[in-house]
Number of protein chains: 2
Amino acid sequence: MTDIDILVTGGTVVTMDAGDTIIKDGAVAIIKDAIADIGPAGGFRDRRVARTIDANGGIIMPGLINTHTHASMTCFRGLADDLDLATWLNDHIFPAEARLTHEMVYAGAMLACAEMILSGTTCFKDMYLFEDAVAQAVHDSGMRGVVGEVLYDFPSPNYGPIEQGFAYTEDLILKWRDHPRVTIAVEPHSPYLCAPELLLRSARLSDRYNIPLVIHVSETEDEVAQMKTRYNRTPVAHLADIGVLSPRLVACHCVVLSGQDIDLLKAHDVKVSHNPESNMKLASGIAPVPELINAGVCVGLGTDGCTSNNNLDMFAEMDTAAKIHKVSRMDPTVMDARTVLRMATIEAAKVLGLGNITGSLEKGKRADLIVIDTNKPHLTPMYNVYSHLVYAVGGGDVAASVINGRVVMEDRRPTGLDLEKIISEVNRCTGCA
Amino acid sequence: MTDIDILVTGGTVVTMDAGDTIIKDGAVAIIKDAIADIGPAGGFRDRRVARTIDANGGIIMPGLINTHTHASMTCFRGLADDLDLATWLNDHIFPAEARLTHEMVYAGAMLACAEMILSGTTCFKDMYLFEDAVAQAVHDSGMRGVVGEVLYDFPSPNYGPIEQGFAYTEDLILKWRDHPRVTIAVEPHSPYLCAPELLLRSARLSDRYNIPLVIHVSETEDEVAQMKTRYNRTPVAHLADIGVLSPRLVACHCVVLSGQDIDLLKAHDVKVSHNPESNMKLASGIAPVPELINAGVCVGLGTDGCTSNNNLDMFAEMDTAAKIHKVSRMDPTVMDARTVLRMATIEAAKVLGLGNITGSLEKGKRADLIVIDTNKPHLTPMYNVYSHLVYAVGGGDVAASVINGRVVMEDRRPTGLDLEKIISEVNRCTGCA
């Protein structure tokens, strides 16, 4: 038998596999970048192990996957809150973004990667400007990421006219195509900021390279009203009409959906990213997630950017996702803890086209996992591990993290990041020093 | 000038006083149990200081106040979730509570106090059984607490018939009356589980000793319907009718209120405890808090017990409180961060009748304060301290805590608690070892 590079052992293993396998006092064996074996801890006693991570009676589980964020917006965390959308965007966010540079986006993305690693996220999907800087941050931090340059009809502070936006995206695709942790996506902003030609061309590019196509859809009532005026269709129906719906499409937000929209999303196997905290904070509404799941649509969870949340803690997002739908339909049985945890792990991986790569602890998948330290007052006692993970655990309870077979955090210390430098860089770039 | 016992210095002091004073690079001087002075850190340079707590550029603020919990329900955290109310109560919570003992309530309360200290809460209001054990835990842990035995028409697993419930409550009042951190309250469960005679007698007892009267009110539609059938009145109108509304009454939940109910609460200066996460998780509804605040009602925040939350983290509760009302009325400007922070500090103190004691950093008040470590990725950069505290900080970011002039936590280590013993006691009592 081959030697084990890393054995993560001595905890309850929550696999999130199709059978919801849970192994009390289990272990996960990692060889190179992959999960080589999973089973009772005792079964690994005779194996040669190069490095052991002791879960100390805690929980060993797949790393969380954030299906929608704008990582570098960490730079504007708390810059403006509690405002109406137009004031917030026009008076605060857009002016701040007009001053963005590659350097600032890199600094913000590194900060976001540090925050995500420290709170148990091992993979995220990003949409922003200067995304080559975000891909670089994914590379440098050890994270896994799906990143893409935002495309829209008007000139971009990064690439200028849209023609160069497609060139920039294709450069990204070619530059990062062989990277084990970076996936490039094609990312038109939204049906209301992208003409049909832009959307179609984006879809064709996603087809050609077989990569995700990412878009904001039906985030607000205003957007839907605007689309109906312009195209006489809902945003989803408009996308269907021009032929952009596909299994590779990641539709973010999907707050305002008709029954027909849901049928269309299901019929085309479109993936949905649900962002409850952002939708609440911006007063966009509550996405019909129970209906989407009932219809068989694959839904993953995401935090959105730090200006509308204001953190990247997927544990907090799970807690909110579980609660908001209960109260919005006055039914405490909807969105049970296991369903919500799936939305942050295996379903999220499927949303990003990474269902065979990450999102669950299964032999042969890449080794993306985290360890939760449960030896704390607020995690005592433990009756049900799913309930704990959704309703009681916070990002600060993550003790260790492994991404693609590499230990990126142990004992809450990120192994490859200079936190002091990352923090001071953002403070310098934003003038908050 | 008298020597300073403790100087908490080197951070942004957020006072939560009437003028919303914020002092950059400020300090708080403590002598004995009280705040002796507050001002710029430089002003204390020549003073003799016995002990210094360095906030290291972080935030110095009043400790958070949890206006409604059932501390010992930590014992049942995650025992049963995602169920309808009747199944949850009848099949899980009530059977578990029937086996409660003084010893188990003490163990659960000590666990809760540890969790609260570790997450920045310095004062809480409790309602449960065997409350002498909770008062003892408040004493032993160093917390500040308002505690009271739950009273209702049927026999209690603690005191038996209601007659002995009043005797038990009066014993508590006499036993703890001179304690600097323990306040005893009279706590009839609710208008639907307490006959008018029980409510009136409770009110008279609260009058006689000038102590808080605590009750659950209008938590669910069902309760309101039941009260209308029985008394032809809403729960609030019923309480008004029998003469129980007063400035000392703490009405918990207040989810289902009519405009007339709000007028009555205001007219009698009744205090309200808002528990959004519990109301969401149990699908009770969303309390009309913006309307209550607009009407001038004093509203504090609370987590409710760990079976319906499932933690005691007031920072998480603030985040939810700020967001849920925005989405429920589709207005991102309601419940701004400063308003929400007031609900967890100074307004909460007023709710519990402790407005002159705690809830803000002001000269002469008891020294109940916490220090937030902001030198972390998820708290970078900082544009607005209120936004950070509500939308980004979590309980795990609290570095130090002082209650009644005593340091109860420093560098995240509780100074007077044996965490290992506290955790193992609850695991033993609940059979979760």
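Reading the values: rules and limits
- Residues numbered from 1 in each chain as written.
- Chains lettered and ligands numbered in written order.
- Predicted model: local features only at pLDDT ≥ 70, side-chain atom pairs only at ≥ 80, totals over all residues.
- Heavy atoms only, no water.
- Contact = heavy atoms within 4.5 Å.
- Buried area = accessible area lost by both parts, 1.4 Å probe.
- Salt bridge = Lys/Arg side-chain N within 4 Å of Asp/Glu carboxyl O.
- Polar contact = N/O pair within 3.5 Å; in protein donor to acceptor, adjacent residues only side chain to side chain.
- Helix = DSSP H or I, 4+ residues; strand = E, 2+ residues; numbered from the N terminus.
- Nonpolar A, V, L, I, M, F, W, Y, C, P; charged D, E, K, R; others polar.
- Least-squares fit on C-alpha atoms with pLDDT ≥ 70 in both.
- Axes fitted to C-alpha atoms, helices over the stretch in contact; angles between N-to-C directions.
- Parallel < 35°, antiparallel > 145°, perpendicular 65-115°, else oblique.
- Left-handed = near helix turned anticlockwise from the far one by under 90°.
- Domains from an automatic or database assignment.
- Pairing = 2+ DSSP bridges.
- Buried < 20%, exposed > 50% of the residue type's maximum accessible area, 1.4 Å probe, protein only.
- Expected span 1.5 Å × (residues − 1).
- Arc of directions from axis to C-beta.
- Phe/Tyr/Trp six-rings, centres within 6.5 Å; stacked < 30°, edge-to-face > 60°.
- Lys NZ or Arg CZ within 6 Å of the ring centre and 35° of its normal.
- Disulfide = S-S within 2.5 Å.

**A short note on the interface of chain A and chain B**
Logical step 1: Listed per partner, the contact involves 60 residues of chain A and 60 residues of chain B.
Logical step 2: The contact between chain A and chain B buries some 4,500 Å² in all, and 65% of this surface belongs to carbon and sulfur atoms.
Logical step 3: The largest contributions to the chain A side of the interface with chain B come from Asp82(A), Pro377(A) and Tyr383(A), which together make up 16% of the buried area.
Logical step 4: Summed over the shared surface of chain A and chain B, the number is 4 salt bridges.
Logical step 5: A salt bridge links Lys323(A) to Glu277(B), with the shortest nitrogen-to-oxygen separation between them at 2.5 Å.
Logical step 6: There are 26 residue pairs in polar contact (both at pLDDT 80 or more) connecting chain A and chain B.
Logical step 7: Mapped by element, the contributors of at least two residues to the side of chain A that touches chain B are α2 (102–118), α9 (276–281), α11 (314–328), α14 (385–392) and α15 (419–430) of chain A.
Logical step 8: For the side of chain A that touches chain B, the per-class residue count stands at 29 nonpolar, 17 polar and 14 charged.

**Things to note about the relation of the copies chain A and chain B**
Logical step 1: Rotating chain A by 180° about the axis while translating it 0.0 Å along that axis superimposes it on chain B, leaving an RMSD of 0.0 Å. Here the transformation between the copies is reduced to the relation of a two-fold axis. Residue Gly396(A), judged by its C-alpha, is the member of chain A lying nearest the rotation axis, at 3.2 Å.
Logical step 2: Taken as a fraction of all interface residues of chain A, those also at the interface in chain B reach 100%, which identifies the copy contact as same-surface.

**Here's the deal with the packing of helix α3 (residues 131–141) of chain A against helix α4 (residues 162–176) of chain A**
Residues and elements named next belong to chain A.
Logical step 1: Close contact between α3 and α4 brings their axes to 10 Å; oriented N to C, the two are set at 20°. For the element pair α3 / α4, the angle class is roughly parallel. Crossing of α3 over α4 shows right-handed handedness. Facing α3, whose interface residues are Glu131, Asp132, Ala135, Gln136 and His139, α4 presents Tyr168, Leu172, Lys175 and Trp176.

**Some details on the side chain of Thr358(B)**
Logical step 1: With respect to the element layout, Thr358(B) can be found in the loop between α13 (346–351) and β15 (369–372).
Logical step 2: If we ignore the near neighbours within four places in the chain, the residues touching Thr358(B) are Ile65(B), Arg144(B), Ile346(B), Ala349(B), Lys365(B) and Asp368(B).

**With respect to the domain arrangement of chain A**
Residue and element names in this part refer to chain A.
Logical step 1: Annotation of chain A at the domain level lists domain 1 (4–62 + 366–414) and domain 2 (64–351).
Logical step 2: Taking only C-alpha atoms, the centre of domain 1 and the centre of domain 2 are 29 Å apart.
Logical step 3: Counting residues at the interface gives 28 residues for domain 1, matched by 27 residues for domain 2.
Logical step 4: At the junction of domain 1 and domain 2, the tally comes to 2 salt bridges.

**Points about the sheet that holds strand β12 (residues 249–253) of chain A**
Residues and elements named next belong to chain A.
Logical step 1: Judged by pairing direction, the sheet is parallel, and its 4 strands sit side by side in the order β11-β12-β13-β14 without closing on themselves. Two strands bound the open sheet, and with one partner strand each, they are β11 (213–217) and β14 (299–301). Strand-to-strand, the axes of this sheet are offset by a mean angle of 30°, without reference to chain direction.
Logical step 2: Pairing analysis gives 5 bridges linking β11 to β12, with the strands arranged parallel. Paired with Val217 across the bridge in β12 is His253.

**Digging into the sheet that holds strand β12 (residues 249–253) of chain B**
Residue and element names in this part refer to chain B.
Logical step 1: Ordered in space as β11-β12-β13-β14, the 4 strands form an open sheet in which the pairing is parallel. The sheet is open, and its two borders are formed by β11 (213–217) and β14 (299–301), each paired with just one other strand. Across the sheet, the axes of successive neighbouring strands diverge by a mean angle of 30°, strand direction being ignored.
Logical step 2: Relative to strand β13 (residues 271–274), β12 is paired through 3 bridges, and the arrangement is parallel. Counterpart to Ala251 in the pairing with β13 is Val272.

**Concerning α3(A)**
Residues and elements named next belong to chain A.
Logical step 1: Summarising burial for α3: 8 of the 11 residues are buried, a large majority.
Logical step 2: For α3, the complete set of buried residues consists of Glu131, Asp132, Ala133, Val134, Ala135, Ala137, Val138 and Ser141.
Logical step 3: Buried residues along α3 sit against α2, β7 (121–128), β8 (144–151), α4, β9 (182–184) and β17 (406–410).
Logical step 4: Looking one or two places after α3, you find Gly142, whose phi comes out positive at around 95°.

**Side note on unusual backbone geometry**
Logical step 1: Put simply, Asn309(A) and Asn310(A) share a cis peptide bond, and its omega is 5°.
Logical step 2: Note that Asn310(A) resides in the loop between β14 and α11.
Logical step 3: Looking along the chain, the bond that leaves Thr380(B) and enters Pro381(B) is cis, with omega of -15°.
Logical step 4: We note that Asn56(A) has phi near 55°; this positive angle belongs to a residue other than glycine.
Logical step 5: Position of Asn56(A) relative to the elements: it lies in the loop between β4 (49–54) and β5 (59–62).

**What to know about helix α4 (residues 162–176) of chain B**
All names here are of chain B.
Logical step 1: Helix length check: α4, at 15 residues, gives a terminal C-alpha distance of 21 Å against a target of 21 Å (1.5 Å per residue), a fit within 8%.
Logical step 2: Buried residues of α4: Gly165, Phe166, Tyr168, Thr169, Leu172, Ile173 and Trp176, and no others. Along the long axis of α4, the arc covered by the buried residues comes to 160°, so they all point the same way. Projecting away from the buried face of α4 at angles above 90 degrees are the exposed residues Asp171 and Lys175.

**Details of the pattern of salt bridges**
Logical step 1: Overall, the coordinates contain 48 salt bridges over all chains when judged by the stated rule.
Logical step 2: Lys326(B) is paired through a salt bridge with Asp82(A); the nearest N and O atoms lie 3.1 Å apart. Of the two residues, Lys326(B) is situated in helix α11 (residues 314–328) and Asp82(A) in the loop between β6 (64–69) and α1 (85–98); the pairing between them involves two chains. Each member of the pair, Lys326(B) together with Asp82(A), is buried.
Logical step 3: Of the charged contacts, one joins Glu362(A) and Lys365(A) as a salt bridge, the two residues approaching to 3.8 Å between their closest N and O atoms.
Logical step 4: The network of salt bridges with shared partners includes Glu103(A), Glu425(A) and Arg428(A).

**Here we look at the environment of Thr121(A)**
All names here are of chain A.
Logical step 1: The residue Thr121 is located in strand β7 in this model.
Logical step 2: Take Thr121: its relative accessible area is 0%, and that puts it in the buried class.
Logical step 3: C-alpha separation for the pair Thr121 and Ile370, spaced 249 residues apart in sequence, amounts to 8.3 Å.
Logical step 4: Each residue touching Thr121, except ones within four places of it in the same chain, is listed here: Leu64, Asn66, Met116, Met143, Leu312 and Met314.

**Quick word on the pairing of β17(A)**
Residue and element names in this part refer to chain A.
Logical step 1: The sheet contact formed by strand β16 (residues 398–403) and β17 spans 3 bridges and is antiparallel. Considered in β17, the bridge of Ile403 is made with Arg406.
Logical step 2: Between the antiparallel neighbours β17 and strand β18 (residues 413–414) lie 2 residues, among them Asp411 with a positive phi of about 50°.

**Concerning the packing of aromatic side chains**
Logical step 1: Under the criterion given, the structure shown has 2 aromatic pairs over all chains.
Logical step 2: With centroids separated by 4.1 Å and ring planes inclined at 20°, the aromatic side chains of Tyr152(A) and Phe154(A) adopt a geometry described as stacked.
Logical step 3: Its relative accessible area of 37% is what places Phe154(A) among the partly exposed residues.
Logical step 4: A cation sits over an aromatic face here: Arg201(A) above Phe166(A), 4.2 Å from the ring centre.
Logical step 5: Taking the ring centre of Tyr391(A) as reference, the NZ or CZ of Lys281(B) above it sits at 4.7 Å.

**Thoughts on the state of the cysteines**
Logical step 1: One pass over the full model with this rule turns up 0 disulfides over all chains.
Logical step 2: Not engaged in a disulfide, the cysteine Cys432(A) finds its nearest cysteine sulfur in Cys75(A); these two sulfurs lie 9.1 Å apart.

**Here we look at the side chain of Ser278(B)**
Logical step 1: On the secondary structure map, Ser278(B) appears in helix α9 (residues 276–281).
Logical step 2: With sequence-adjacent residues up to four places away left out, Ser278(B) is seen in contact with His253(B), Thr303(B), Asp304(B) and Ser308(B).

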